[in-house]
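# Overview (structure and organization)
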Amino acid sequence: MTRLNGKRTLITGGTSGIGLKTAKQFLNEGARVIVTGNNPESIEKAKSALGSEVLVLRADSASVEAQRELALAVKEHYGQLDVAFLNAGVSVWQPIESWTEEAFNQSFAINVRGPYFLIQALLPVFAQPASVVLNTSVNAHIGAVNSSVYGATKAAFLNLSKTLSSELLPRGIRINAVSPGPVETPLYDKLGIPDAYREQVNTEIAATIPAGRFGTASEVAKAVVYLASDESAWTIGTEIVVDGGRTLNR
């Protein structure tokens, strides 16, 4: 299939999980791809998995300066950019008593501030038309225990799909969001759950999903492809929820 044939694309957080799977899906659809990551080991694995034609860059999503440097690198490599999938993020779950100001600021820096200023830095680089897809979360809608900060970052990020669509559509830039439910990705390995309880926690999470299972990164990637492609040209400022029905009974 070639729904993205020749499109110049950028995927942040593209060295593992949903980002890496989306990069592979983009390549299958004929796109040119740049991905970013911040973990040297993951970056090397991504280079091997994606091949020599894919540019893999290191970029700290929490750093505004790094986002500006990334925009310059994209311009130098492509000239213009047709698609950006802003996927880089962090998921930290803990009770309110455990949050420090530093940790709070770090979550917002990675999940909101960094991608916001990346969009700003990319404004002179975006082609007309261009598609931006934000990776948010069903936790923007669900009041899950211990997700206060994570949910707040994703709600803020999701809102940008509407406010920035209103502002940037006259420039030919449309913005949409994909909101995954629980997905089998390395992100869940970073939640600090002891191995002894991992199976129990997974069972408890799956029980909240009407489909009865975690989603896959591939299922999310296919939704991103649609939003990135010209097929969704009249889809603006909206959200595709990919959650196995998790939000049906919220």
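Please refer to the structure higher up on the page.
Here is a short report on the structure shown in this document. Every value quoted in this text rests on a predicted model; they were computed, and no experiment measured them.

## Section: the overall build of the protein chain
Helix and strand counts for the protein chain stand at seven helices and seven strands. Computed over the C-alpha atoms, the radius of gyration of the protein chain is 17 Å, within 12% of the 18 Å expected from 2.2 N^0.38 for a compact globule of 250 residues. Across the 250 residues of the protein chain, 49% fall into the buried class. With an accessible surface of roughly 12000 Å², the protein chain has 50% of that area assigned to carbon and sulfur atoms.

## What about the nonpolar core?
Of all hydrophobic cores here, the largest spans 28 residues; its most connected members are Val74, Leu81, Leu122 and Leu134. With residues near it in sequence (within four places) discarded, Val74 still touches Leu10, Ile34, Gly79, Leu81, Leu122 and Val125. Judged by nonpolar contacts, the second largest core, of 26 residues, contains Leu4, Leu20, Ala23 and Ala31.

## Here we look at empty space enclosed by the protein
In total, this model carries one cavity of 30 Å³ or more according to the counting rule given. Its volume calculated, the largest cavity comes out at about 50 Å³. Lining the largest cavity we find Thr12, Ser61, Gln67, Leu86, Ala88, Ile110, Gly114, Pro115 and Leu118. For the lining of the largest cavity, the element with the highest residue contribution is helix α4 (residues 101-122), accounting for four residues. Split into classes, the residues belonging to the lining of the largest cavity amount to five nonpolar, four polar and no charged.

## Description of α4
Under the 1.5 Å per step criterion, the end-to-end length of α4 is 29 Å for 22 residues, consistent within 8% with the ideal 32 Å. At Ala109, α4 shows its maximal bend, which comes to roughly 50°. Looking at α4, one finds that the buried residues are Ser107, Ala109, Ile110, Asn111, Val112, Gly114, Pro115, Leu118, Ile119, Ala121 and Leu122. For α4, the elements touching its buried residues are β1 (8-12), α3 (64-78), β4 (81-86), β5 (126-135) and α5 (148-168).

## Focus on the packing of helix α1 (residues 17-28) against helix α2 (residues 40-50)
Between α1 and α2, the least distance of the axes is 11 Å, while the angle of their chain directions is 25°. Our classification of the angle between α1 and α2 gives roughly parallel. The element α1 and its partner α2 pack so that their crossing is right-handed. In contact with Leu20, Ala23, Lys24 and Leu27 of α1, α2 contributes Ala46, Ala49 and Leu50.

What counts, and at which threshold
- Residues numbered from 1 in each chain as written.
- Predicted model: local features only at pLDDT ≥ 70, side-chain atom pairs only at ≥ 80, totals over all residues.
- Heavy atoms only, no water.
- Helix = DSSP H or I, 4+ residues; strand = E, 2+ residues; numbered from the N terminus.
- Rg over C-alpha atoms; globule rule 2.2 N^0.38 Å.
- Buried < 20%, exposed > 50% of the residue type's maximum accessible area, 1.4 Å probe, protein only.
- Areas by Shrake-Rupley, 256 points an atom, 1.4 Å probe, with all protein chains shown as cover.
- Core = buried A, V, L, I, M, F, W, Y, C linked by side-chain atoms within 4.5 Å.
- Contact = heavy atoms within 4.5 Å.
- 1 Å grid on protein atoms, 1.4 Å probe; cavity = no way out; pocket = protein on both sides within 12 Å on 5 of 7 lines; lining within 4 Å.
- Points joined across faces, edges and corners; volume = space filled by probe spheres on them.
- Nonpolar A, V, L, I, M, F, W, Y, C, P; charged D, E, K, R; others polar.
- Expected span 1.5 Å × (residues − 1).
- Bend = angle between axes of the 7 residues up to and from the residue.
- Axes fitted to C-alpha atoms, helices over the stretch in contact; angles between N-to-C directions.
- Parallel < 35°, antiparallel > 145°, perpendicular 65-115°, else oblique.
- Left-handed = near helix turned anticlockwise from the far one by under 90°.

These figures come from the coordinates and say nothing about function on their own.
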